[in-house]
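What follows is each chain in one-letter form.
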Amino acid sequence: MRRLERRAMICMLLAAVLVIGTLLFCVRFVRDGREWATFYGNQGIYTDGMLSSGSIYDRNGVLLAENTEEGIIYNDDADIRAATVHTVGDTRGNISTSAMSVYKSKLIGYNLLTGTYKLQGKNEDLTLTLDAEACKTAYEWLSYYDAGTVGVYDYTTGEILVMVSTPSYDPLDPPELDPDDDSGLYINRFLSSTWTPGSIFKTVTAAAAIDRLDWQNFSYYCEGTRYVEGSEINCTHAHGQLDLADALTQSCNGAFSLLAEQLGSANMEEYVERLGLTRRYDIDGIRNVSGSFDFPGDPISNGWAGVGQYNDQINPCSFMVYMGAVANGGRSAEPKLLANSSVTMTGQMLEENTAMILRDMMMRNVTENYGEWNFPGLAIGGKTGTAEVEGKSPNAMFAGFLADPEHPYAFIVCLENAGGGLENAAPIANAVLQQLMY
Ligand SMILES: [Zn+2]
């Protein structure tokens, strides 16, 4: 009897181990199956370590890359290849935020039930929201500068139309990099870099001022230098008598350092957060990096932070989304890259009324200062920036939007070591937007 009991116990134990093992396997299969199926040893889908299935197209059906058993076929145009390599990816997986890296399992056609064997015998193709021709235009303009990025997106649908980062390279002729290379060739600067914004940040201080201060009675007389506790905040020249709209149009450092002082560090901290500048977006599985800011109590540091200097660091993608919210009544679509993914809206970043006031001020910047003739036919609002960077020429920046229901686009242009924002960044925005109009 006792022997039987012992045997029964052993059987129960073995059964328990089997059940637990099966459960563990199922959990790991659901969780990691995608990884197993896309493992580089899986010869059915890789040829010489490269992906051999799935194609990537732009929004107009232009082929960007096709994975075949003979290797990857890219677009015929070398400029389109270099313009889109940071988004599409290369054969070596150098760009971690690229479609080929992030959507590997989609391209292979992985499915939990059928594995990588597609029932229709066809791998999933990806259609990106990019416009390859407009990306090419952006790339050609960017190539005159050391480094930079251009982003354009539809603030009502979230579709990223242009996302170009330089320096870039032709994926058919990849460079051999030194181990200590610091050019950031494989970095998508639109998603993965941060920049001193300079005066484009005044649109943030202005939004907070419209909400939190008696901005309609704001008045400042600029003599060219504002003295704060023995330190100087300088303008390019004396701007004279200004209200808030004038201060933004003239980009007066004195006026905006005063506004930042009146707002105080708590308000400034709240607004960079509310406007999405410290958050990371989930762009169909690809994440951008967040910006970072410091608003210490002292008026001189706060003043410089309010004009886009000090420790201010913006991410181009997040700032572009904020520009969309200004144009779109205070909220905009979150950015996306896959043509068939759903639309998600941001929260209300600004009151609708605040957004409209700021939108009109930014359009006035163009009519009163930058010159409509620089943007023929565009209903454009924007803000330039010339961001001082120690030991280098300034970063040239230009960010804004089209107030055009047919072309509801927000944009940003950032150029490293370039000089003035109006002279360098604004013409690139115009060229790319003109390309997207027709
Ligand atoms: Zn001034």
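This one's a predicted model, so the numbers in the text were calculated from it and none came from an experiment.

Rules used in this analysis
- Residues numbered from 1 in each chain as written.
- Predicted model: local features only at pLDDT ≥ 70, side-chain atom pairs only at ≥ 80, totals over all residues.
- Heavy atoms only, no water.
- Helix = DSSP H or I, 4+ residues; strand = E, 2+ residues; numbered from the N terminus.
- Buried < 20%, exposed > 50% of the residue type's maximum accessible area, 1.4 Å probe, protein only.
- Contact = heavy atoms within 4.5 Å.
- Areas by Shrake-Rupley, 256 points an atom, 1.4 Å probe, with all protein chains shown as cover.
- Pairing = 2+ DSSP bridges.
- Axes fitted to C-alpha atoms, helices over the stretch in contact; angles between N-to-C directions.
- Core = buried A, V, L, I, M, F, W, Y, C linked by side-chain atoms within 4.5 Å.
- Donors = N, O, S within 2.8 Å, 3.2 Å for Na, K, Ca; no water.
- Patch = residues over 30% accessible without salt bridge, like charges linked within 9 Å, V, L, I, M, F, W, Y side chains within 5 Å.
- Salt bridge = Lys/Arg side-chain N within 4 Å of Asp/Glu carboxyl O.
- Lys, Arg positive; Asp, Glu negative; His and termini not counted.
- Charge placed at Lys NZ, Arg CZ, Asp CG, Glu CD.
- Parallel < 35°, antiparallel > 145°, perpendicular 65-115°, else oblique.
- Left-handed = near helix turned anticlockwise from the far one by under 90°.
- Nonpolar A, V, L, I, M, F, W, Y, C, P; charged D, E, K, R; others polar.
- Expected span 1.5 Å × (residues − 1).
- Bend = angle between axes of the 7 residues up to and from the residue.

*Asks:* Which residues make up the overall build of the chain, and what values do they have?
*Replies:* Helices and strands together make up the secondary structure of the chain, namely 13 helices and 17 strands. A principal-axis box enclosing the C-alpha atoms of the chain has dimensions of 100 × 60 × 45 Å. When the 438 residues of the chain are sorted by exposure, 55% land in the buried category. Contacts in the chain between residues at least 24 apart in sequence constitute 65% of all its contacts with a sequence separation of at least 6. Accessible area for the chain stands at about 19,700 Å²; split by element, carbon and sulfur atoms hold 50% of it.

*Asks:* Give a description of the pairing of strand β5 (residues 71-74) that names residues and reports values.
*Replies:* Across four bridges, the pairing between strand β4 (residues 63-68) and β5 is antiparallel. Among the inter-strand pairings, asparagine 67 is bridged to a residue of β5, identified as isoleucine 72.

*Asks:* Any chance you could break down the sheet that holds strand β3 (residues 55-57) for me, citing the residues and the numbers?
*Replies:* Sheet architecture is open: four strands sit in the order β5-β4-β3-β6, paired in mixed fashion. The open sheet terminates on both sides in strands that have one partner only, identified here as β5 and β6 (126-127). Sheet contacts for helix α2 (residues 78-88): β3, β4 and β5; angle to β4, the most-contacted strand, approximately 65 degrees.

*Asks:* Go over the nonpolar core, please, and point to the residues and values.
*Replies:* Ranked by internal contacts, the top residues of the largest apolar core, which has 116 residues, are Val152, Val162, Phe319 and Tyr322. No other element matches the nine residues that helix α11 (residues 316-327) contributes to this core. Those residues in contact with valine 152, other than ones at most four positions away along the chain, are Glu159, Ile160, Leu161, Val162, Met320, Tyr409, Ala410, Phe411, Val432, Leu433 and Leu436.

*Asks:* Tell me about the sheet that holds strand β8 (residues 160-166), and name the residues and values.
*Replies:* The antiparallel open sheet is built from five strands, whose spatial order is β8-β7-β17-β16-β15. What marks the edges here is a single partner per strand, and that holds for β8 and β15 (380-387). Going from strand to strand, the sheet's axes swing by 5 degrees on average, the running direction of each strand aside. Packing against the sheet, α11 makes contact with β7 (147-154), β16 (395-402) and β17 (409-416), and its axis sits at approximately 145 degrees to β17. Strand contacts of helix α12 (residues 352-370): β15 and β16, with the helix running at about 75 degrees to β15, the strand carrying the most contacts.

*Asks:* Pulling in residues and values, what's your account of the coordination of the zinc ion?
*Replies:* Distances from the zinc ion to its protein donors, Cys222 (SG), Cys235 (SG), His239 (ND1) and Cys252 (SG), fall within 2.1 to 2.4 Å. Taken in sequence order, the residues that donate to the zinc ion follow the motif C-x12-C-x3-H-x12-C. Separated by 17 residues along the polypeptide, cysteine 222 in strand β9 (residues 220-222) and histidine 239 in the loop between β11 (231-234) and β12 (240-242) bring together distant segments of the chain. The pair formed by cysteine 222 and histidine 239 is uniform in burial state, with each residue classed as buried.

*Asks:* I'd like a description of a positive patch on the surface, backed by residues and values.
*Replies:* Side chains of Arg2, Arg3, Arg6 and Arg7 sit close together on the surface and give a patch of like positive charge. Note that arginine 7 resides in helix α1 (residues 2-37).

*Asks:* Got a sec to walk through the packing of helix α7 (residues 202-212) against α11? Specific residues and values, please.
*Replies:* For the pair α7 and α11, the least separation of the axes is 11 Å and the interaxial angle reads 45 degrees. Taken together, the axes of α7 and α11 are oblique relative to one another. In this structure, α7 meets α11 at a crossing whose hand is left-handed. For the pair α7 and α11, contact is made by Thr203, Val204 and Ala207 and by Phe319, Tyr322 and Met323, respectively. For the contact of α7 with α11, the residue count by class is five nonpolar, one polar and no charged.

*Asks:* Got a sec to walk through unusual backbone geometry? Specific residues and values, please.
*Replies:* Excluding glycine, a negative phi dihedral is what most residues carry, and trans is how most peptide bonds are arranged. For the bond from threonine 166 to proline 167, the omega torsion is 0 degrees, close enough to zero to count as cis. Summarising the element assignment, proline 167 is placed in the loop between β8 and α6 (189-192). Despite not being glycine, serine 251 shows a phi value in the positive range, around 55 degrees. Looking at the secondary structure, you find serine 251 in the loop between α8 (244-250) and α9 (253-274). At asparagine 417, a residue that is not glycine, the phi angle is positive and equals roughly 55 degrees. Here asparagine 417 lies in the loop between β17 and α13 (421-437).

*Asks:* Quick rundown of α9? Include the residues and the values.
*Replies:* Here α9 contains 22 residues, and its C-alpha end-to-end distance of 23 Å is more than 12% below the 32 Å for a straight helix at 1.5 Å per residue. Along its length, α9 reaches its greatest deviation from straightness, about 100 degrees, at glycine 264. A positive phi of about 80 degrees marks glycine 276, the residue just after α9.

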